[in-house]
Amino acid sequence: MMSTLGFLLAISFVVSLVALGVLIWAIVNKQISAGKKEASLIFLDGEAGTMDDPSSASAQAVQDAHRFDVERAGIDKPGARVVLVLSTVSIFFLIVGSIFGVIASLKLHMPDWLAEYAFTTFGRARTIHLNFVAYGWLSVAGIGVALWILPRIFRTPLRRPKMAYMGGALWALGVLCGGIAVGSGWSDGLEWLEFPWQIDVILALGGAMMAWSAVETAMHRDVHHIYVSGWYYLAGLIWFPILFFIANIPGLHLGVQQATMNWWFAHNVLGLWLTPLGVGTAYYLIPKIIGKPIYSYSVSLLGFWGLALFYSQVGIHHLIGGPVPTWVVTLSVVHSVMMFIPVIAVAVNQHVTVAQNMWAFKQSMALRFVWTGALMYTAASFQGSIEAVRSVNSITHFTHYTVGHAHLGAYAFVSVVLFGAFYYMMPHLTGKRWPWPKLISLHYWLTVVGFAIYFLTLTVGGFFQGMELLDPDVAFADITRNILPYLEGRSLGGTMMTLGHIILGIHFFALLLAKRPAEGSKV
Amino acid sequence: MNKITPLLLGAAGILLFATLMLVILPGWQMRTADAPPALEPYTVQQLSGREQYIANGCVYCHSQQPRATGQTFADLARGWGRASTSGDYAYDSPHLLGTMRTGPDLLNVGARLPSRDWHLTHLYQPRAIFDWSIMPSYPYMFEVKDKAGTDDVVVKLPEAYAPAEGKVVVARQEALDLVAYLLSLQRTYPVSESEAGMRDRGFDAVIDSGKQ
Amino acid sequence: MFSRKKRPAQRVEDIDPAFDPWEQSRPIPLFVIAIFIALAIWGALNYVGDLAPERASQMPELPVTTTVPDNAPAPGADVPVLVHQGNASVWSCASCHGDQGQGSGQTPKLAGLAQAYIVKQLQDFAAGTRSNESMRYVATQLTLAEINAVAAYYATLPLPATAAPETGANMARGRELNLHGDWKQDIPACVTCHGAQGEGLGTAFPRLAGQQPEYLFSQLAAWKGGSRHNSPQSLMDDIAARMSSADMWAVSQYFGSLQPADVK
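Residue positions are counted from 1 within each chain, in the order its sequence is given. Lettering of chains starts at A and numbering of ligands starts at 1, both following the order in which they are written. Local features are withheld for residues below a pLDDT of 70 in this predicted model, meaning they are given only at 70 or higher, and side-chain atom pairs are given and counted only at 80 or more; totals for whole chains, interfaces and linings count all residues. Side-chain descriptors were evaluated using all non-hydrogen atoms of the structure, hydrogens and water having been removed beforehand.

Enquirer: Mind showing me how you'd approach the overall build of chain A here?
Expert: Runs of E in the DSSP output that reach at least two residues are strands. Runs of H or I that reach at least four are helices, and both are numbered from the N terminus. The helix and strand tally for chain A stands at 18 helices and 0 strands. For the radius of gyration, the atoms used are the C-alpha atoms, and the globule rule reads 2.2 Å times the number of residues raised to 0.38. Scaling as 2.2 N^0.38, a compact globule of 523 residues should have a C-alpha radius of gyration of about 24 Å, and chain A matches this with 23 Å. Once the C-alpha set of chain A is aligned to its principal axes, its extents read approximately 75 × 60 × 45 Å. Only protein chains enter the area calculation, which uses a 1.4 Å probe; residues under 20% of their type maximum are buried, those over 50% are exposed, and those in between are partly exposed. Burial analysis of chain A (523 residues in total) assigns 67% to the buried set. Here, residues are in contact when the closest pair of their heavy atoms is within 4.5 Å. Contacts in chain A between residues far apart in sequence, at least 24 positions, make up 84% of those at least 6 positions apart.

Shown next, in the form of structure tokens:
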């Protein structure tokens, strides 16, 4: 049995390498067309070479933005309401979820605060925070942005917008009910899967409706080639339902087998759902804002299939040193390190494109958010690959270091990219400019400084916590006393980040409520 | 890439392959092993207590998977017990392995702290025992009464934390169930060699069967 | 599918020579500097707080006494109420230490330990020279009479059976350390002080034979780490400091498996 499993372990690794080898051969021999022509699909006639950022208040941007875009207006229109509603709902979950995050953080160094209110106890507040920001903010905002970008890259309006609208409403309802359930103590008990499976049915239904809308749009596309963002979005919309369905089947999983399923699910939600939303969005927005195609389009194929092949099997690095067979842990560790390949591929594309056009980074607030997020994706992935190695993991396992890493990925990468997408997208959707551009800058700095404090306190504190946990001579009391100042610092960082979200929310609603400029005037 | 169907089929296929490697195969390996004979299934009260553990999110601070001495002696020195194997969780649904040690590992807390009254004091107010503790207190699992009833379990508290005017703190059923579950957390029986072989041996200096 | 009109690519200078009016050229916004200063002040306050003398604990201090009562209660005398029921604030001894004083896991076996030794340990828990929060909670709420009574009770209890050693226990190393020590690392033989059969000696050196292995290991780690420092002449502090974790565990398991009447 052991030799069979060891054999299968080796097979998995070899399969991934061979698949990538085939891909590289196909690219080199021009079997797959992925060059500048395909990369320029995001531009309409004459758009290439012009910076496009309606969040900027520069004179040139104002001049460019008022170009009456017949084709895009027609494409945007049927789906516009869906995207607007999804975006609005996501901001609500972002703010409420962030507030629960701050409550959870404060509870760790003020444990008797609000102790009589059961729904605020750390075990529930933390869970509401995670589920609201993952399923209520990131997923909803990500789907909204995807449903806006997909019609644009396919040059065809969103299909079945009413179905998508209904799906979004069901999803939001499901998340809200799930949060209330957890707050009152009804939880399925698995990390990332706490919503009771009865409520998950609503989520599954809503998600399926939104996914179908996207797939049907893709099937009716007006371009031959699918731009790279489309691969990520469409694949994510297939991956997430498979994951969600298998993970939530009641009564199927048990014991440690359920633990391996748990971490197969949770890490693939990060890598095969949230990451595609973030990377796909960045792949569209970076070249679109700058006005030049992505640096090396064929490399993006490597990035996509590498992500699929390697990321899907990294989940068990959450159980290193645990009661699971050695072979499955080693499998995940190896695949985690192999993730360097797709991450470097994406980094080459996105960072070189911006680095060659730093003027755009300085001028465009939307690009500033998006590229900061893309940089954080590279950082988070590199950190994750290193963290999965057994010797490092021995120190970081069970500590706050992992919490810092998780937020580097889910927040500093995906959330920040989505912030940038909002700042870019909303003027296009509503036809109005952002009322107070200084607030965008304030939001950016609150995010950057707040998150830097958050990440540094947890990383440093968590590292020391891990070293002490490994030392038999250190009393647990001392470990707890030593971590306290870092937890207080994290509350400070988290509060700043939440303040940024509230500012985004205020600005967002101000935009929605602002009067549309009169006909004929420059938008 | 230009075609939807191969893209989606390829993506789905890769994920299903990963599911095979990460979910199906390990599951087959672990669940076809028998549950350890020394491990009793949970009683009704213990299961009810387990629901309380889940409802209050204890798993987000407490793990239930002590590490092997090949990796570190620290878990053993803290009295967290021998390295766990998959059989120890044979009756666990959902699993509560946990990923954080803001608080200590609890897989053997019933062996380490077998006193019901200690747990009731600790749940009501952890800082009554550990002044450095950041664990939440759970006053809503208890009731302050003027006088204890005949069947009531009174929580033992020092003067500093006892309610005023001679009132007593009585444990609600949730607290008693939760403590019953905590006391059932004992995996001190020895494990067979094949069981020990099924945990992660990647840290062992010498990987030979039976030795930890 | 669509024809791209050839258009000369715009040069960088054509895009926007002037920065946005609202994006000032100041490289670091003022409020970032303000936050930095606020953080620096907070950090400084943290250090000052750490260097300030520790606040006295809330627990009442038990007066430390050196007198040892010379009369143990006769066998069959009344069991102190504290042992099986505790009182309004203190848990019963048996609820952790077992109905026969046999202990469990990290909780030590009390049965058969010398009365004066138990009294000293309870006083040390209260004083803080031996660190265990649960025992400090208990010891600071007992009177001296109560301490003497429970200690006398446990001293008279018969020794319970010991558990078999785990598979994989390094019994050879444990026996070696017990009988001969390891003078390459300046570790003396345990028998020197704790008796030829690990039965203990007088009131300063407790019985080790049959004691809970996890308890012994945790105490060796506590001496090494400094949370226990009540050993006469710091003997155990120094010995434990020189032991590796593997040796600590080996010797703990060895003693744990020793039957009371074992002969080497």
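Enquirer: For this particular structure, what's the right way to read the overall build of chain B?
Expert: From N to C terminus, chain B includes 7 helices and 2 strands. Reading chain B from its N terminus to its C terminus gives the helix and strand order α-α-α-α-α-β-β-α-α. Taken over C-alpha atoms, the radius of gyration comes to 22 Å for chain B, far larger than the 17 Å a tight globule of 212 residues would show. Referenced to the eigenvectors of the C-alpha coordinate spread, the extents of chain B come out at roughly 75 × 50 × 35 Å. Taking all 212 residues of chain B together, 64% fall into the buried category. For chain B, restricting intrachain contacts to residue pairs at least 6 apart in sequence, the fraction spanning at least 24 positions comes to 70%. With the model as given, the accessible surface of chain B reaches about 8,000 Å², and the carbon-plus-sulfur share is 57%. When charges are counted, neither His nor the chain ends are considered; positive counts come from Lys and Arg and negative counts from Asp and Glu. Charge positions are represented by NZ for Lys, CZ for Arg, CG for Asp and CD for Glu. Positive and negative side-chain charges in chain B, numbering 19 and 22 respectively, have mean positions lying 4 Å apart. Here the open area of atoms and residues is found with the Shrake-Rupley method and a 1.4 Å probe, where only the protein chains shown may cover a residue.

Enquirer: Would you explain the confidence of the model for chain B in this entry?
Expert: For residues with low pLDDT, the predicted coordinates do not support detailed interpretation. All names here are of chain B. With 96% of its residues at a pLDDT of 70 or more, chain B shows a mean pLDDT of 91. Per-residue confidence from the prediction method is given by pLDDT, with values spanning 0 to 100. In this model, residues 206–212 is a region of pLDDT below 50 whose contacts with residues beyond four sequence positions or in other chains number 9 contacts. We note a pTM of 0.88 for the whole complex and an ipTM of 0.94 for its interfaces.

Enquirer: Please explain the side chain of Thr120 of chain A as it appears in this structure.
Expert: All names here are of chain A. With respect to the helices, strands and loops of the structure, Thr120 is situated in the loop between helix H4 (70–109) and helix H5 (122–154). The buried category is assigned to Thr120, whose relative accessible area is 3%. Under this definition, polar contacts are N or O atom pairs within 3.5 Å; protein pairs additionally need one hydrogen-donor-capable and one acceptor-capable atom, and for neighbouring residues in sequence, both atoms have to be side-chain atoms. Polar side-chain contacts of Thr120 include one of 3.2 Å to the backbone oxygen of Leu114. Not counting residues within four places of it along the chain, the set of residues in contact with Thr120 comprises Ile103, Lys107, Leu114 and Ala125.

Enquirer: Is there a simple way to explain the packing of helix H8 (residues 228–248) of chain A against helix H9 (residues 255–290) of chain A in this structure?
Expert: In a pair of packed helices, the angle between the axes and the distance between the axes together describe the arrangement. All names here are of chain A. Whenever a helix is involved, its axis is fitted only over the stretch in contact; in every case the axis is a line through C-alpha atoms, and angles between N-to-C directions fall within 0 to 180 degrees. Contact geometry of H8 with H9 gives a least axis separation of 8 Å together with a crossing angle of 160 degrees. One way to sum up the angle between H8 and H9 is to call them roughly antiparallel. For the pair H8 and H9, the sense of crossing is left-handed. Side-chain classes follow a simple rule in which Ala, Val, Leu, Ile, Met, Phe, Trp, Tyr, Cys and Pro form the nonpolar group, Asp, Glu, Lys and Arg form the charged group, and the remainder, Gly included, forms the polar group. Within the contact of H8 with H9, the residues separate by chemical class into 21 nonpolar, 5 polar and no charged. Oblique is the label for any angle not under 35 degrees, not over 145, and not in the 65 to 115 range, which are roughly parallel, roughly antiparallel and roughly perpendicular in turn. Each crossing gets its handedness from the near helix: less than a right angle anticlockwise from the far helix is left-handed, clockwise is right-handed.

Enquirer: Even after reading the chapter, I still don't get the nonpolar core, so can you show me in this structure?
Expert: The tendency in soluble globular proteins is for nonpolar side chains to be buried as a group. In terms of nonpolar packing, the biggest core is built from 251 residues, with Phe265 and Trp305 of chain A together with Phe142 of chain B touching the most fellow members. Per-element tally for this core: the top contributor is H5 of chain A, with 21 residues. Beyond its immediate sequence surroundings of up to four residues, Trp305 of chain A is in contact with Leu20 and Leu23 of chain A together with Met1, Leu7, Gly10, Ala11 and Ile14 of chain B. The term nonpolar core refers to a set of buried residues drawn from Ala, Val, Leu, Ile, Met, Phe, Trp, Tyr and Cys, joined through side-chain atoms within 4.5 Å. By size, the runner-up hydrophobic cluster in this structure holds 26 residues, among which are Trp223, Ala240, Val251 and Leu258 of chain C.

Enquirer: What exactly am I supposed to notice about the interface of chain B and chain A here?
Expert: With 78 residues of chain B at the contact, the number on the chain A side is 101 residues. By convention, the term buried area covers the 1.4 Å-probe accessible surface removed from two parts as they join, with the contributions of both added. Summed over both sides, the interface of chain B with chain A buries roughly 7,600 Å², with 67% coming from carbon and sulfur. By definition, a salt bridge exists where a carboxyl oxygen of Asp or Glu is found within 4 Å of a side-chain nitrogen of Lys or Arg. The tally of links between chain B and chain A comes to 2 salt bridges. Of the charged contacts, one joins Arg390 of chain A and Asp200 of chain B as a salt bridge, the two residues approaching to 2.7 Å between their closest N and O atoms. Taken together, the elements giving at least two residues each to the side of chain B that touches chain A come down to helix H1 (4–31), helix H2 (44–55) and helix H3 (74–77) of chain B.

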